[in-house]
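Chain residues, written in single-letter form:
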Number of protein chains: 2
Amino acid sequence: MPTIDPLRIVAKEMKFLTGNIRKLLGSGHPSLDRAAKYYTQAEGKHIRPLIVLLMSRATSLCPKAPERQQATIQASSAINTSISPVSVLSDYNPSAGAENEPVSAYPDILPSQRRLAEITELIHTASLLHDDVIDHSESRRGAPSANLEFGNKMAVLAGDFLLGRASVALARLRHAEVIELLATVIANLVEGEFMQLKNTARDEANPQWSEEALTYYLKKTYLKTASLISKSCRAAALLGGADAATVDAAYNYGRNLGLAFQLVDDMLDYTRSEKELGKPAGADLELGLATAPLLFAWKTNPELGALVGRKFSQPGDVELARELVMKSDGIEQTRALAQDYAEKAIDAIKDFPASEAKDGLIEMAVKTLNRKK
Amino acid sequence: MPTIDPLRIVAKEMKFLTGNIRKLLGSGHPSLDRAAKYYTQAEGKHIRPLIVLLMSRATSLCPKAPERQQATIQASSAINTSISPVSVLSDYNPSAGAENEPVSAYPDILPSQRRLAEITELIHTASLLHDDVIDHSESRRGAPSANLEFGNKMAVLAGDFLLGRASVALARLRHAEVIELLATVIANLVEGEFMQLKNTARDEANPQWSEEALTYYLKKTYLKTASLISKSCRAAALLGGADAATVDAAYNYGRNLGLAFQLVDDMLDYTRSEKELGKPAGADLELGLATAPLLFAWKTNPELGALVGRKFSQPGDVELARELVMKSDGIEQTRALAQDYAEKAIDAIKDFPASEAKDGLIEMAVKTLNRKK
């Protein structure tokens, strides 16, 4: 069986991704541009837009929703021209938004779906900017973090700016359900980050291992990672006019893949070296975070409870916690759970018609498990 | 002529404003709720929702847009129920959004317009939270600032959370043009804050007074203050189905009122004492900001250029700058410009049919000039 390269399947669209994102971020203020575009310069993996584009292509072959399921909403037709000119006081007014014309006669990726891929990456990047301020991160993808490079002020502003531009681009898609889905993601990301911050305070009150700690971690992980992937997969299917079963399948693929992705990420934080990871290894423990490998290790090592409760803050805590995790089956159990979710992701799209894009989505799930950084 | 009380005209709607906003912000996480709702507890003046409600009522008597001007956009009818249940992983899913049913037979304020008033206040409050982090503010409305009370982390998160919930509520209005208008406001607010931060760096290169400094200041003021007021006035008219001339008039009222409001704010920063203002007087100079009174004073006091260039950072700069402003006609010119904008605001709605709400809007413009804090 030949190797599948998911990136090749949507290479044409991915080629223009960064350029289009940078166009969405033009402000006429060089130093705002610099901060806003900073995380788009690095060799990011663009996992989220890649999944959105593959899902768009794969669902283009699925059954369509009957017309009667479509409702209409009010909108002035003169949206881009109806704002009266304001002499000195300019507004952001880029060229018209993406339109729903297929790029070829073959049912394929719509301009609105390409725009969705860009919006998804913008929202993700905005959350990185604010998370790095909140976590006092010093590096990201092997380079200084934006907060270190430009200061906290500019990093907060740049994140807000990305959210603002993402919201405008989203509004221009003119699809009510898609707009609401992605707006909900923004609220979810914050709630997830908040749950991560609070995690330890909650554990402090109850230093006994319980199933609840894992439930809390999974909910946090859904909100902080899987919500964006799952809802943008659902949005891709909706923009393509897919039927309800396909839309749900797309969502379930994204949800399970997102959970698998974060579990592997948390595992790699223990198993990979700083050089391989592009960010400090063991960063989670240093931040006081108890992720899946530790939560599993805690079950058989009750002494970890006290360390969790004090956020690994005493000298030697981080080293001891890491040692106990590595000696336990925490890594193994995390990998097993990630595999479980990856299989569920693949299972979710089993009814999609055979296509290169469907194979690409399956390969993304396999790659998620096998990635080394 | 009897005294007009704008607040009384929309008292019924204003009464539920804070309660409704707090409902929009419920998260199930007590400490996130506390930070998110912090600035909604204080005795804020709720100027923006008040204007939105008055505008909604005043424009309800204006000519309506013909049906043919309405375009339709795609939306699934099953928006709130089509998301598949996620066992552990809950989504924010409040009761259905505002609907466009008038509350009485008399054309009046629609539920969607009331919701718009709440969204406007949410966006304003989110920008306060982030601005206070960026400016290291220590107090707001006579109480400790949110960043001081909860820390920068929680203030950034709470601001993001407000933006996220505002975006969801906005999406649920199901009005494409209104969604785009308010999304643009979010981007404008950031650009305005950025221009304010950069202001001095730019002046440093050119310590000579020029008309350009005032133009830059007015553009910053539009983006940071008038954009939200003007676009939410436009949105209120759109939600009510007003015709194009009314929609433009609403926008022009908001734009001019917003500019007048900020000019008076900048003037009060010089003329009022700390006790009267609820925040430190002269805060702008301490922050290195050259606002209208100083820009006018600079014209006749070239020595202010050097102080502007170094952001009033040397000992005695703030005191000297304040003294030169108070001796000059800077305050007077600022007041004259504010009056000019307030008159333009009143003129913009001169063709609205006579009504209590129209009188309320006129009174808001008059009050803006006369306010003492």
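Computed from a predicted structure; not experimentally measured.

All right, on to the overall build of chain A then. Counting its secondary structure elements, chain A contains 16 helices and 3 strands. By the burial criterion, 60% of the 373 residues in chain A qualify as buried. Long-range pairs, those at least 24 residues apart, make up 75% of the contacts in chain A with a sequence separation of at least 6.

This brings us to the packing of helix α9 (residues 244-271) of chain A against helix α15 (residues 330-348) of chain A. All names here are of chain A. Where α9 contacts α15, the axes come no closer than 8 Å and their chain directions differ by 160°. Considered as vectors, α9 and α15 are oriented roughly antiparallel to each other. Where α9 crosses over α15, the two elements pack in a sense that is left-handed. Side by side, α9 and α15 meet where Ala249, Asn252, Tyr253, Asn256, Leu257, Leu259, Ala260, Leu263, Val264, Met267, Tyr270 and Thr271 of the first sit next to Ile331, Thr334, Arg335, Leu337, Ala338, Tyr341, Ala342, Lys344, Ala345 and Ala348 of the second.

This part covers the packing of aromatic side chains. Residues and elements named next belong to chain B. Under the defined criterion, the tally for this structure stands at 4 aromatic pairs over all chains. The interplanar angle of 35° and the centroid separation of 5.5 Å between the aromatic rings of Tyr38 and Tyr39 together place this pair among those described as tilted. The pair Tyr38 / Tyr39 is uniform in exposure class, with both members buried. Consider the rings of Tyr38 and Phe150, whose centres lie 5.0 Å apart with planes at 90°: the pair is edge-to-face. Separated by 112 residues along the polypeptide, Tyr38 in helix α3 (residues 30-41) and Phe150 in helix α6 (residues 146-150) bring together distant segments of the chain.

Turning our attention to unusual backbone geometry. With a phi angle near 60°, Arg174(A) is a residue other than glycine that sits in the positive phi range. On the secondary structure map, Arg174(A) appears in the loop between α6 (146-171) and α7 (176-205).

Before going further, it helps to examine a positive patch on the surface. A cluster of basic residues, Arg34(A), Lys153(A), Lys198(B) and Lys311(B), forms a positive patch at the surface. Its location among the elements puts Lys198(B) in helix α8 (residues 176-205). Judged by relative accessible area, Lys198(B) falls into the partly exposed class, the value being 30%.

Time to look at helix α5 (residues 111-134) of chain B. All names here are of chain B. When the terminal C-alpha atoms of α5 are compared, their 35 Å separation across 24 residues agrees well with the 34 Å that a helix rising 1.5 Å per residue should span. α5 sits mainly inside the fold: 22 of its 24 residues count as buried. Of the residues one or two after α5, His136 is the one with positive phi, at around 50°.

Residues and elements named next belong to chain A. Relative to the 27 Å expected for 19 residues at 1.5 Å per residue, α15 spans 27 Å between its end C-alpha atoms, a close match to the ideal helical length. When we look at burial in α15, the residues that qualify are Gly330, Ile331, Thr334, Leu337, Ala338, Tyr341, Ala342 and Ala345. Looking down the long axis of α15, one finds its buried residues gathered within 140° of arc, a one-sided arrangement. In this structure, the buried side of α15 is in contact with α8 (211-239), α9, α12 (292-300), α14 (317-327) and α16 (356-370).

Scanning all chains against the criterion turns up 28 salt bridges over all chains. Glu180(A) is the partner of Arg172(B) in a salt bridge, and the nearest nitrogen-oxygen pair spans 2.5 Å. One end of the pair, Arg172(B), is in the loop between α7 (152-171) and α8; the other, Glu180(A), is in helix α7, on a second chain. Here Arg172(B) falls in the buried class, since its relative accessible area comes to 11%. Residue Glu180(A) is classed as buried on the basis of its relative accessible area, which comes to 5%.

For chain A, per-residue confidence averages 84 on the pLDDT scale, and residues scoring 70 or more make up 83% of the total. In the predicted complex, the global pTM is 0.85; the interface-specific ipTM is 0.83.

Once that is clear, we can look at the side chain of Thr125(B). Residue and element names in this part refer to chain B. When you line up the elements, Thr125 lands in helix α5. The exposure class of Thr125 is buried, given its relative accessible area of 2%. A polar contact is formed between the side chain of Thr125 and the backbone oxygen of Glu121, at a distance of 2.7 Å. Ignoring sequence-local partners within four residues, the contact set of Thr125 consists of Tyr39 and Leu162.

The topology assignment puts Phe296(A) in helix α12. Ignoring anything within four residues of it in the chain, the contact list for Phe296(A) reads Leu214(A), Gly330(A), Gln333(A), Thr334(A) and Leu337(A).

Attention now goes to the nonpolar core. Formed by 234 residues in total, the largest nonpolar core has its most connected members in Leu182(A), Tyr253(A), Leu294(A), Tyr253(B) and Leu294(B). Ignoring anything within four residues of it in the chain, the contact list for Tyr253(B) reads Ile51(B), Met55(B), Cys233(B), Ala345(B), Ala348(B), Ile349(B), Leu361(B), Met364(B) and Ala365(B).

Turning next to the side chain of Arg371(B). Residue and element names in this part refer to chain B. Inspection of the secondary structure assignment puts Arg371 in the segment after α17 (356-370). The class of Arg371 is buried, set by a relative accessible area of 14%. Here Phe261 takes part through its backbone oxygen, which lies 3.1 Å from a polar atom of the side chain of Arg371. For Arg371, the side chain forms a polar contact with the side chain of Asp265, separated by 3.0 Å. Sequence-distant contacts of Arg371, defined by excluding residues within four places in its chain, comprise Lys45, Phe261, Val264, Asp265 and Leu268.

Right, let's get into the packing of α12(A) against α14(A). The geometry of a pair of packed helices is captured by two quantities: the angle between their axes and the separation between those axes. All names here are of chain A. Where α12 meets α14, the axes come as close as 9 Å, and the angle between the chain directions of the two elements is 75°. Our classification of the angle between α12 and α14 gives roughly perpendicular. On α14, the residues that touch Pro293, Leu294 and Ala297 of α12 are Ala321, Leu324 and Val325. Across the contact of α12 with α14, the residue classes tally to 6 nonpolar, no polar and no charged.

Time to look at the environment of Ser355(A). All names here are of chain A. In this fold, Ser355 is placed in the loop between α15 and α16. The sequence separation of Ser355 and Thr59 amounts to 296 residues, and the corresponding C-alpha distance is 9.7 Å. Setting aside its immediate chain neighbours within four residues, Ser355 contacts Ala58 and Leu61.

Inspection of every chain in the model, using the stated rule, returns 0 disulfides over all chains. Cys62(A) provides the cysteine sulfur closest to Cys233(A), a residue in no disulfide bond, and the two sulfurs are 12 Å apart.

In this section: the environment of Phe261(B). Residue and element names in this part refer to chain B. Mapped onto the elements of the fold, Phe261 is located in helix α10 (residues 244-271). Measuring from C-alpha to C-alpha, the distance between Phe261 and Leu197 comes to 20 Å, with 64 residues separating the pair along the chain. Not counting chain neighbours up to four residues away, the residues in contact with Phe261 comprise Ile47, Arg48, Thr225, Thr368 and Arg371.

Reading the values: the criteria
Residues numbered from 1 in each chain as written. Chains lettered and ligands numbered in written order. Predicted model: local features only at pLDDT ≥ 70, side-chain atom pairs only at ≥ 80, totals over all residues. Heavy atoms only, no water. Helix = DSSP H or I, 4+ residues; strand = E, 2+ residues; numbered from the N terminus. Buried < 20%, exposed > 50% of the residue type's maximum accessible area, 1.4 Å probe, protein only. Contact = heavy atoms within 4.5 Å. Axes fitted to C-alpha atoms, helices over the stretch in contact; angles between N-to-C directions. Parallel < 35°, antiparallel > 145°, perpendicular 65-115°, else oblique. Left-handed = near helix turned anticlockwise from the far one by under 90°. Phe/Tyr/Trp six-rings, centres within 6.5 Å; stacked < 30°, edge-to-face > 60°. Patch = residues over 30% accessible without salt bridge, like charges linked within 9 Å, V, L, I, M, F, W, Y side chains within 5 Å. Areas by Shrake-Rupley, 256 points an atom, 1.4 Å probe, with all protein chains shown as cover. Salt bridge = Lys/Arg side-chain N within 4 Å of Asp/Glu carboxyl O. Lys, Arg positive; Asp, Glu negative; His and termini not counted. Charge placed at Lys NZ, Arg CZ, Asp CG, Glu CD. Expected span 1.5 Å × (residues − 1). Arc of directions from axis to C-beta. pLDDT = per-residue confidence, 0-100. Polar contact = N/O pair within 3.5 Å; in protein donor to acceptor, adjacent residues only side chain to side chain. Core = buried A, V, L, I, M, F, W, Y, C linked by side-chain atoms within 4.5 Å. Nonpolar A, V, L, I, M, F, W, Y, C, P; charged D, E, K, R; others polar. Disulfide = S-S within 2.5 Å.

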